[in-house]
Amino acid sequence: MTRRSVILGTGSFLPARRVSNAELAQRVDTSDEWIVERTGIRFRHIAAADETTSTLATGAARAALEAAGIDATDIDLIVLATATPDQTFPATATRVQTALGINDCVAFDVAAVCSGFLYAVQVADSMIRAGAHTRALVIGAETFSRILDWEDRATCVLFGDGAGAIVLEAQESDETSGRGILATRLHADGRHNDLLYVDGGPSTTGTVGKLRMKGREVFRHAVVNLAAVMQESLGAAGLVSEDVDWVVPHQANARILDATARKLGLPPEKVIVTVDEHANTSAASVPLALDTAVRDGRIKRGDLLVLEAMGGGFTWGAAVVRF
């Protein structure tokens, strides 16, 4: 038996405002056909003026806690992945902590853009395995609409707002067949900064900045890196592609999802796809997709999952989980 982080529950939260491609086409020079053909995206959710990353994250956290059947006060660790924090500091995780009524627990943010949730999972898992914590909230939450250039049709159509969360608990689990996080692998290569970045920051421009991306180059790197890290994480767990029940990928682009699945020899029906409904929600996309598939009954207890993502930096990673 080994100490492992087991997923007790999942949750998600989306802003009420749901924006179609047709509605977006009234604002920028684009069309529903153009967006769907190139990305697979049909809708995205946009935060209202009174919604922030922390309010979305709190909604997702409450849903995950309810699904897990535990009280917020049972949480002793919050790791929140975001590239769009409420403030430069303090950490958005501390605002979620306060909103949940937790007076004292470890709470901090992780910044790895679209890979942020995978980074946060490994951080929380490592702290749980080390015996430092027993129950953790791991959250991915974004309000990317706040950093989009709404005159750049190549990027503004791709992103949306939202949050997803999981509750992890330390449990003694069988080494080979038990539930829990079996393996994670993370990577980064800062040489590719100029392919996907925000052109501002406190220590450079003193402004928030806007998202900039060279889509064709990002696509090429994404397919290669994601297929490689998924194989790497499966190998670390002593498993192969044929063992996988579901791939829960970062929801960046339907073409990337299809190409990655083909590279691994996986049938498309094993890939959870929500990009059509949510667009790219950066760090929130993997937990959002996970919660969607858990709640609609596709993902069941005992299923073997591979979670994967790649984002600006570049950063990328994958986790193998027995749900």
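Residues numbered from 1 in each chain as written. Predicted model: local features only at pLDDT ≥ 70, side-chain atom pairs only at ≥ 80, totals over all residues. Heavy atoms only, no water.

**Focus: the overall build of the protein**
The helix and strand tally for the protein stands at ten helices and 13 strands. Its C-alpha atoms give the protein a radius of gyration of 18 Å, within 12% of the compact-globule value 20 Å for 323 residues. Expressed as lengths along the three principal axes of its C-alpha atoms, the size of the protein is roughly 55 × 45 × 40 Å. A total of 323 residues make up the protein; the buried ones form 57% of that total. Relative to all contacts within the protein whose residues are 6 or more apart in sequence, the contacts with residues 24 or more apart total 76%. When the accessible area of the protein is evaluated, it comes to approximately 13100 Å², of which 49% is carbon and sulfur surface. Counting 31 positive and 40 negative side-chain charges, the protein places the averaged centre of each group 3 Å from the other. (Helix = DSSP H or I, 4+ residues; strand = E, 2+ residues; numbered from the N terminus. Rg over C-alpha atoms; globule rule 2.2 N^0.38 Å. Buried < 20%, exposed > 50% of the residue type's maximum accessible area, 1.4 Å probe, protein only. Contact = heavy atoms within 4.5 Å. Areas by Shrake-Rupley, 256 points an atom, 1.4 Å probe, with all protein chains shown as cover. Lys, Arg positive; Asp, Glu negative; His and termini not counted. Charge placed at Lys NZ, Arg CZ, Asp CG, Glu CD.)

**Side note on the sheet that holds strand β11 (residues 246-249)**
Overall, mixed pairing links the four strands, which are arranged β8-β13-β12-β11 in an open sheet. The open sheet has two edge strands, β8 (180-188) and β11, and neither has a second partner. Going from strand to strand, the sheet's axes swing by 15° on average, the running direction of each strand aside. (Pairing = 2+ DSSP bridges. Axes fitted to C-alpha atoms, helices over the stretch in contact; angles between N-to-C directions.)

**Regarding helix α4 (residues 92-99)**
Every buried residue belonging to α4 is among Thr92, Ala93, Val96 and Gln97, and all of these are buried. Burial along α4 is one-sided: seen end-on, the buried residues are contained in an arc of 150°. Residues of α4 that are buried sit in contact with α3 (53-68), β4 (77-81), β5 (106-110) and β6 (135-143). Immediately beyond the C-terminal end of α4, within one or two residues, lies Gly101, with a positive phi of roughly 80°. (Arc of directions from axis to C-beta.)

**Considerations on the packing of aromatic side chains**
By the definition in use, this model includes one aromatic pair. Across from the ring centre of Phe43, 3.5 Å away, lies the NZ or CZ of Arg18, which sits over that ring. Over the ring of Phe323 we find Arg301, and its NZ or CZ is 4.6 Å from the ring centre. (Phe/Tyr/Trp six-rings, centres within 6.5 Å; stacked < 30°, edge-to-face > 60°. Lys NZ or Arg CZ within 6 Å of the ring centre and 35° of its normal.)

**Remarks on the pattern of salt bridges**
Going through the model one piece at a time under the given rule, you end up with eleven salt bridges. With a closest N to O distance of 2.7 Å, Arg135 and Glu169 form a salt bridge. Of the two residues, Arg135 is situated in strand β6 and Glu169 in strand β7 (residues 161-173); the sequence distance between them amounts to 34 residues. Measuring nitrogen to oxygen at the nearest pair gives 3.0 Å for the salt bridge that ties Arg212 to Asp199. (Salt bridge = Lys/Arg side-chain N within 4 Å of Asp/Glu carboxyl O.)

None of the figures reported here should be taken as evidence of function without further support.
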